[in-house]
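Letter by letter, the chains look like this.
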Amino acid sequence: MAASIAYVGGHLQYGVNFCMGQSYKQAIWVPSVTFNGCLQRELSWSCGVSKFLQIRKCNLFQSRTNENWKSFGTVITSAYLRDGSTKYFDFAVIGSGVAGLRYALEVAKHGSVAIITKAEPHESNTNYAQGGVSAVLCPSDSVESHMQDTIVAGAYLCDEETVKVVCTEGPDRIRELIAMGASFDHGDDGNLHLAREGGHSHHRIVHAADMTGREIERALLEAVVNDPNISVFKHHFAIDLLTSQDGSDTVCHGIDALNTETQEVVRFISKVTLLASGGAGHIYPSTTNPLVATGDGMAMAHRAQAVISNMEFVQFHPTALADEGLPIKPKKTRENSFLITEAVRGDGGILYNLSMERFMPLYDERAELAPRDVVARSIDDQLKKRNEKYVLLDISHKPREKILSHFPNIANECLQHGLDITQQPIPVVPAAHYMCGGVRAGLQGETNVHGLYVAGEVACTGLHGANRLASNSLLEALVFARRAVKPSINHMKSSSLDLSASSLWTRPLVPKSLGSDVMHKILRITKEVRKELQSIMWKYVGIVRSTSRLQEAEQKIGKLEAKWETYLFEHGWQQTMVALEACEMRNLFCCAKLVVSSALARHESRGLHYMTDFPHLEESKRLPTVIFPSSHTTGTWSSRQLHQQPIVKSMV
């Protein structure tokens, strides 16, 4: 048992942490930390990160972690060296959503790129994004208005400099997508059709019906496939980042991955690594995220000494399809909830309880157009007060043609289950949707781990604050994927690859020696433990929270993790063993603990984080929550890198 430290509101919050099993140390680049007992306040998130990295950049580019890293100065321009177990690239990209693909297409102009993706390349949160991308593309709209909407939705926890950058650069990122072949809906006047969603003061959502993410993914994947400098490794599960110590700095040199089809561990040595692995929706039992969203990137980065921030802010989408309310129930339980896009409410959809009473005006003057956190809490309150399983979202008062043209995917899905959305209301219920927190990043996607950049949902850039504004996620991914390109290229050009580097780290093992019977037992127990963890998170760390229930969750998660790990190791599991289900489970435990620790540290209600015992906003606590790099000497299996980290002296 050790104390975890999370920084909020001008104070370091110490909370007894039964499940972390490790202590946190301060990372000196965090904008607000104590030095020699003196509080240094730097309120600009992005400025604080960027300033630190600018100071360190000269030393970083002059030194490497080992003289061997200087010995091979030739850039590897071939796709990879075909020795099977080790591959060498200039850039390694983890994830094949919009952030990873967009970044890969740019850096591929300067070197070889590996895209490492857990399932099929299209299987990402991007592919499930229905609503669209928000950007200022109408003369009556303005960057200032988009900024204000973002900051209000984010409960004033957003970093203003980050918000300005994203809202300003967003329109150009949309134009780039169109130039690459992405096809968006146009109005009768020939201009882009701009929708409006909750929290937005203007029509500014660029969309492709209700399948926007799928269209963007299609266009980007098509370009990636046709790029000779990019190699896509599908069904490769990222296990851990390969890191070393350069004095007090952590440096990333690539990643270990498990080929889930061949059960072979593949080591990717790279000069630069981009983490674009998405979110962690599956720490909850009901989520709109695909099965791949098990928090792998956040957990890997945490184990690799990256700073994590704002993990308490889990966005629950107010309107996922409630299968219980469908006339014809699905034959089997869905792997992920079917999303009913925000745009349905933006187009005039009205929320009713089962007595057909409209309830949103009782909670907020913006009614159905209130931000997602408000709508989700309002639905949650209705369900608890009335002891009902779902509410109803009705768009049937709109013209049939308009409904079918704007929401063909939703209409088709509902129709398959006996519901005609042009005639009947849609049963909906909140579901885990988006992580506003993640790996803390500067304005160019840089992290405190040298050579490691982040973009997309895995990152915490400061844009979303305490609650993400609808359709700002794809926008953020596009903007930061592009912003990370220049520093990545600079880092790549100043770095070199060592063909002997692969032997620096202990290799993970596939547990073939355990035998099929033992593995079957381990997988069965792991599946049960996963469901139990999800149940704990939904019951104690859901839409409405309290300190006592969070503390109970912390203890329950700690005991559950200890019980699971004990079972594994009693059955012959070893520290360096890897299997998809077991590694996902360790990542889910890691992310769940990060969420709980962050939630316990914030003693106020702000945005997505609502505490019954701290029901009000506190201006003194309007600062990010930060979880600092952890000790490698202690901790549970989920908290440690599988390989033994090579500790070497800096060659300055």
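Residues numbered from 1 in each chain as written. Predicted model: local features only at pLDDT ≥ 70, side-chain atom pairs only at ≥ 80, totals over all residues. Heavy atoms only, no water.

If you look the chain up in an unreviewed UniProt entry, it shows as L-aspartate oxidase from Gossypium trilobum. The chain has a UniProt comment under Function (unreviewed entry) that states "Catalyzes the oxidation of L-aspartate to iminoaspartate." As recorded by UniProt, the Cofactor (unreviewed entry) comment attached to the chain reads in full: "FAD". (UniProt positions renumbered as here; feature names shortened; annotations may be inferred.)

Just to check I follow, could you spell out the overall build of the chain for this structure?
Along the backbone of the chain there are 18 helices and 23 strands. Counting over 652 residues, the chain shows a buried share of 64%. In the form shown here, the chain has an accessible surface area of approximately 23,600 Å², with 51% of it arising from carbon and sulfur atoms. (Helix = DSSP H or I, 4+ residues; strand = E, 2+ residues; numbered from the N terminus. Buried < 20%, exposed > 50% of the residue type's maximum accessible area, 1.4 Å probe, protein only. Areas by Shrake-Rupley, 256 points an atom, 1.4 Å probe, with all protein chains shown as cover.)

What is the right way to read the packing of helix α17 (residues 547-570) against helix α18 (residues 580-601) from this model?
How two helices pack is summed up by the angle between their axes together with the distance between the axes. The N-to-C vectors of α17 and α18 enclose an angle of 155 degrees; their axes lie 10 Å apart at closest approach. Classified by the interaxial angle, the pair formed by α17 and α18 is roughly antiparallel. Remark: the crossing between α17 and α18 carries left-handed chirality. Counting all contacts with α17, which are made through Thr547, Leu550, Gln551, Glu554, Ile557, Leu560, Glu561 and Trp564, the residues of α18 involved are Ala582, Met585, Arg586, Phe589, Ala592, Lys593, Val596, Ser597, Ala599 and Leu600. Residues that form the contact of α17 with α18 fall into these classes: 11 nonpolar, 3 polar and 4 charged. (Axes fitted to C-alpha atoms, helices over the stretch in contact; angles between N-to-C directions. Parallel < 35°, antiparallel > 145°, perpendicular 65-115°, else oblique. Left-handed = near helix turned anticlockwise from the far one by under 90°. Contact = heavy atoms within 4.5 Å. Nonpolar A, V, L, I, M, F, W, Y, C, P; charged D, E, K, R; others polar.)

Where do I start with the sheet that holds strand β18 (residues 426-435) in this structure?
Strand-to-strand pairing in sheets goes through backbone hydrogen bonds, with the strands running parallel or antiparallel. Strand order across the open sheet formed by 4 strands is β15-β18-β17-β16, with antiparallel pairing between neighbours. Two strands in the sheet have a free side with no partner beyond their single neighbour: β15 (314-321) and β16 (350-352). For this sheet, the mean angle separating the axes of adjacent strands, direction not counted, is 45 degrees. Of the pairings in the sheet, the one linking β16 to strand β17 (residues 391-394) comprises 3 bridges and is antiparallel in character. Residue pairing for β17: isoleucine 350 is matched across the bridge by aspartate 394. (Pairing = 2+ DSSP bridges.)

How should I be thinking about the nonpolar core in this particular structure?
Where a protein is soluble and globular, its nonpolar side chains tend to be buried together. Within the largest apolar cluster, 80 residues are counted, with the highest numbers of intra-cluster contacts made by Met537 and Trp573. For this core, the element with the highest residue contribution is α18, accounting for 13 residues. Lining this core are residues from two domains, each supplying at least three of them: domain 1 (86-126 + 212-315 + 434-503) and domain 3 (516-627). Residues contacting methionine 537, with those up to four places away along its chain left out, are Ile283, Tyr284, Gly542, Ile557, Ala592, Val595 and Val596. Counting residues in each nonpolar core, the second largest holds 52 residues, with Leu101, Val163, Ala208 and Met492 among its members. (Core = buried A, V, L, I, M, F, W, Y, C linked by side-chain atoms within 4.5 Å. Domains from an automatic or database assignment.)

What is the right way to look at helix α5 (residues 143-153) in this model?
One turn of an α-helix holds 3.6 residues; hence residues three or four places apart share an orientation. The complete set of buried residues in α5 reads Ser145, His146, Met147, Asp149, Thr150, Ile151 and Ala153. If you follow the buried residues of α5, they end up packed against β7 (133-134), α6 (160-179) and α14 (472-483). Where α5 terminates, the next one or two residues include alanine 155, which has phi positive at roughly 55 degrees.

For this particular structure, what's the right way to read the packing of α6 against α14?
Taken N-terminus to C-terminus, the directions of α6 and α14 make an angle of 90 degrees; their axes are 8 Å apart at the nearest point. When the interaxial angle is binned, α6 and α14 end up roughly perpendicular. Taking contact as the criterion, the partners of Thr162, Val165, Val166, Glu169, Gly170, Arg173, Glu176 and Leu177 in α6 are, on α14, Leu475, Glu476, Leu478, Val479, Phe480, Arg482 and Arg483.

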